[in-house]
Structure formats: C-alpha cells, structure tokens
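# Understanding the architecture of this molecule
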Amino acid sequence: MTSFWSWWVIILTVITFVGITWILLANRKRGEGTTDKTTGHAHDGIEEYDNPLPAWWFYMFVITIVWAIGYLIIYPGMGNYPGLIGWTQIGQHKAEVDAAEERYSEMRSRYLAMSVEEIAEDPAVLRMGMRLFGNNCAQCHGADGKGRYGFPNLTDNDWLWGGSPEAIKTTLVDGRRAAMPAWAGVLGDQGIAETTEYVLSLNGRSTDADMTAAGEQHYQTYCAACHGGDAKGNYLFGAPNLTNGIWLYGGNREQIAHSLRAGRNGVMPAFGDSLTEDKIHILAAYVYSLSN
C-alpha cells in the first residue's frame, strides 16, 4: 500500500472513532430518573420519551470503542502500521501449514517407503490422494478424473505417456508437453481430407476407398514416426493411439481434420516444485487407482 492510501485509511479511521465517541457522549443524558419530555416522534399514538440510555447499554458502547482501539494497536488495520505483534494472514497460513506438515509428514514418509501399487489399496491413502487431486488436478481432469475436451480421461486406461506408477510419477514431477505439428502447409486441403479418411478407416468408419488409400501414403510419410506404423501410438512422444476410438480433441471428421490442419499443443504442468515427494507418491497412487 502506498503512503497516500495508508494515511487515507488512518485519517478516515481516526475521524470515525472521534465521531462515534462524540455522538455517544454528546447524547448522553446526565442526571437521574426520567422526564416527561418527548423526542417529538409519534406513531399510532405512541410517543418516544427523551430519556437517557440505560447505564449498562452506554458502557457497552464504551467497551466496544476501547476494544476496537486496542485491536488496532495490536493487529494491522491502520494503513501500513503492522501492529504490535506483527501478525499477517500469510504468516498465520504458513504457520498452520507448517504445523500440518509436521503432524502428517511421518505418516506420509511411511507410505513413501511402500510401492505405489501397495498404497493404492489403502483407503486412507486414497482419501488423502483424492484431496490432493481435488486441489491440484480436478480443475483440468474433472473431480471424477474423467477429463474433458483437450484434457485426458484418467479412468479409461488409455495413456498418452504411459500408465505405470513410474510413468505417472514422472508426469506429475516433470509435467508433459505434447506437440502435434500443423500439416496444412505440407499436405494442403486435399491431403488433409485424404489423411482424415485414413484415420477414420482405422476405427472401422465408412470412408472413401480412393481417398483412404492416398491418406495412408500421407500417414506413413508424415505421421507414422510418432504414432507408429500401426497407428497404436507411442508413449515416448505422448502420441495417442488412433485406432481405439478414444479421442482427446474429438473424433468426428471435422475435428480430426482440424487437428491435422492446425496441430495441437497440450501442456501438463509440472508439480515437482509445488508438491513434496511424499505427496506426489500418494497422488500417483490415487491416479493409478482410477484406472486399475
């Protein structure tokens, strides 16, 4: 906060305190007993007498003002003034996180000594993994792990980079970056259409025979290096299997043609810097359990 806004907050706060205190004291009736004088307010024949607040009510107002002043001395609230104890939201959050880490680190370390397959059968681990998944992965893959357009389904055992525990952990630690190049400049519109027909034929779809034959030649020339000669995909490149009817960006004719024409670039962020080794181990077990 700049000095201007800091002083702005301080001055307005002080003016508010002074104003509230003045109103309270200026309207306090001194003396004892009640009077027959009214405030002039009347409704349905009911008039409001101009009597002082009960003493207990008045002193409660005084206590709240004193408490508020004490609070602003101890805690931050007056512009850039940090308060006597130096409390901050960030500091309290860090202290609570550190306390939780200390409390649960021993338990997570015990799980770290076990294999992913072993702990994937432990309900306590799966509950922890579900929370980690919800905080870090569900935004893209969905709360149920079934993915959505452009984000892989983690429950169907069809993996771009491999579904072994080791492969899953590597994906979590390092992230993944897929690169499907754009072929419009190489194949042209006719070549894109022909290659699309061939890819459709790999899934048993009805296609034009001549275009399919031409598309197969394009495929073997430009696509087989990543997807394999049999189009079953390749974990090394994150190249998907094109024969099983599972599509990350849609499998109709227009969607396949668009993928060929414009290319695709999928990014899985790395969590190696934001999650500890034991958390990644537990999260990997949960992801592994989704498809096993």
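Since the structure is predicted, the reported quantities are computational estimates derived from the model, not experimental observations.

### A closer look at the side chain of Thr-196
Relative to the elements of secondary structure, Thr-196 occurs in helix 8 (residues 184-201). With a relative accessible area of 1%, Thr-196 lands in the buried category. Here the side chain of Thr-196 touches Ile-192 through a polar contact of 2.7 Å, landing on its backbone oxygen. Among residues more than four places away in sequence, those in contact with Thr-196 are Arg-253, Ile-256, Ala-257 and Leu-260.

### Here we look at the nonpolar core
Judged by nonpolar contacts, the single largest core of 24 residues is most densely connected at Val-125, Phe-133, Ile-168, Leu-283 and Val-287. Those elements that place two or more of their residues in this core are helix 4 (116-119), helix 5 (123-136), helix 7 (165-174) and helix 11 (277-290). Considering each element in turn, this core owes the most residues, eight residues, to helix 11. The residues contacting Val-125, other than those within four sequence positions of it, are Tyr-111, Ile-119, Ile-282 and Ala-285.

### Examining the state of the cysteines
In this structure the tally under the stated criterion is zero disulfides. The cysteine Cys-223 is free of any disulfide, with Cys-226 supplying the nearest cysteine sulfur at 8.5 Å.

### As for unusual backbone geometry
Positive phi, close to 55°, is recorded for Asp-44, a residue that is not glycine. Note on placement: Asp-44 falls in the loop between strand 1 (38-43) and strand 2 (46-49). A relative accessible area of 70% places Asp-44 in the exposed class. In the Ramachandran plot, Asn-157 falls in the positive-phi region, its phi being about 65° despite a non-glycine side chain. Mapped onto the elements, Asn-157 comes out in the loop between helix 6 (138-141) and helix 7. Look at Asn-157 and you get partly exposed, because its relative accessible area is 49%.

### Let's talk about helix 10 (residues 253-262)
Every buried residue of helix 10 is accounted for by Ile-256, Ala-257, Ser-259 and Leu-260. Axial view of helix 10: buried residues confined to an arc of 155°, hence all on one face. Elements in contact with the buried residues of helix 10: helix 8. Two or three places before Glu-254, at the opening of helix 10, Asn-252 has a side-chain oxygen 3.1 Å from that residue's backbone nitrogen. Backbone geometry just downstream of helix 10 places Gly-263 in the positive-phi region, at approximately 80°.

### Side note on the packing of helix 5 against helix 11
At a closest axis distance of 8 Å, the pairing of helix 5 and helix 11 adopts a crossing angle of 95°. By the criterion of interaxial angle, the relationship of helix 5 to helix 11 is roughly perpendicular. In this structure, helix 5 contributes Val-125, Leu-126, Met-128, Gly-129, Met-130, Leu-132 and Phe-133 to the contact, and helix 11 contributes Lys-279, Ile-282, Leu-283, Ala-285, Tyr-286, Val-287, Ser-289 and Leu-290. Considered class by class, the residues forming the contact of helix 5 with helix 11 number 12 nonpolar, two polar and one charged.

### Things to note about the pairing of strand 2
When strand 1 meets strand 2, the two strands line up antiparallel, connected through three bridges. Bridging from a neighbouring strand, His-43 pairs with Ile-46 of strand 2. Between the antiparallel neighbours strand 1 and strand 2 lie two residues, among them Asp-44 with a positive phi of about 55°.

Thresholds applied
- Residues numbered from 1 in each chain as written.
- Predicted model: local features only at pLDDT ≥ 70, side-chain atom pairs only at ≥ 80, totals over all residues.
- Heavy atoms only, no water.
- Helix = DSSP H or I, 4+ residues; strand = E, 2+ residues; numbered from the N terminus.
- Buried < 20%, exposed > 50% of the residue type's maximum accessible area, 1.4 Å probe, protein only.
- Polar contact = N/O pair within 3.5 Å; in protein donor to acceptor, adjacent residues only side chain to side chain.
- Contact = heavy atoms within 4.5 Å.
- Core = buried A, V, L, I, M, F, W, Y, C linked by side-chain atoms within 4.5 Å.
- Disulfide = S-S within 2.5 Å.
- Arc of directions from axis to C-beta.
- Axes fitted to C-alpha atoms, helices over the stretch in contact; angles between N-to-C directions.
- Parallel < 35°, antiparallel > 145°, perpendicular 65-115°, else oblique.
- Nonpolar A, V, L, I, M, F, W, Y, C, P; charged D, E, K, R; others polar.
- Pairing = 2+ DSSP bridges.

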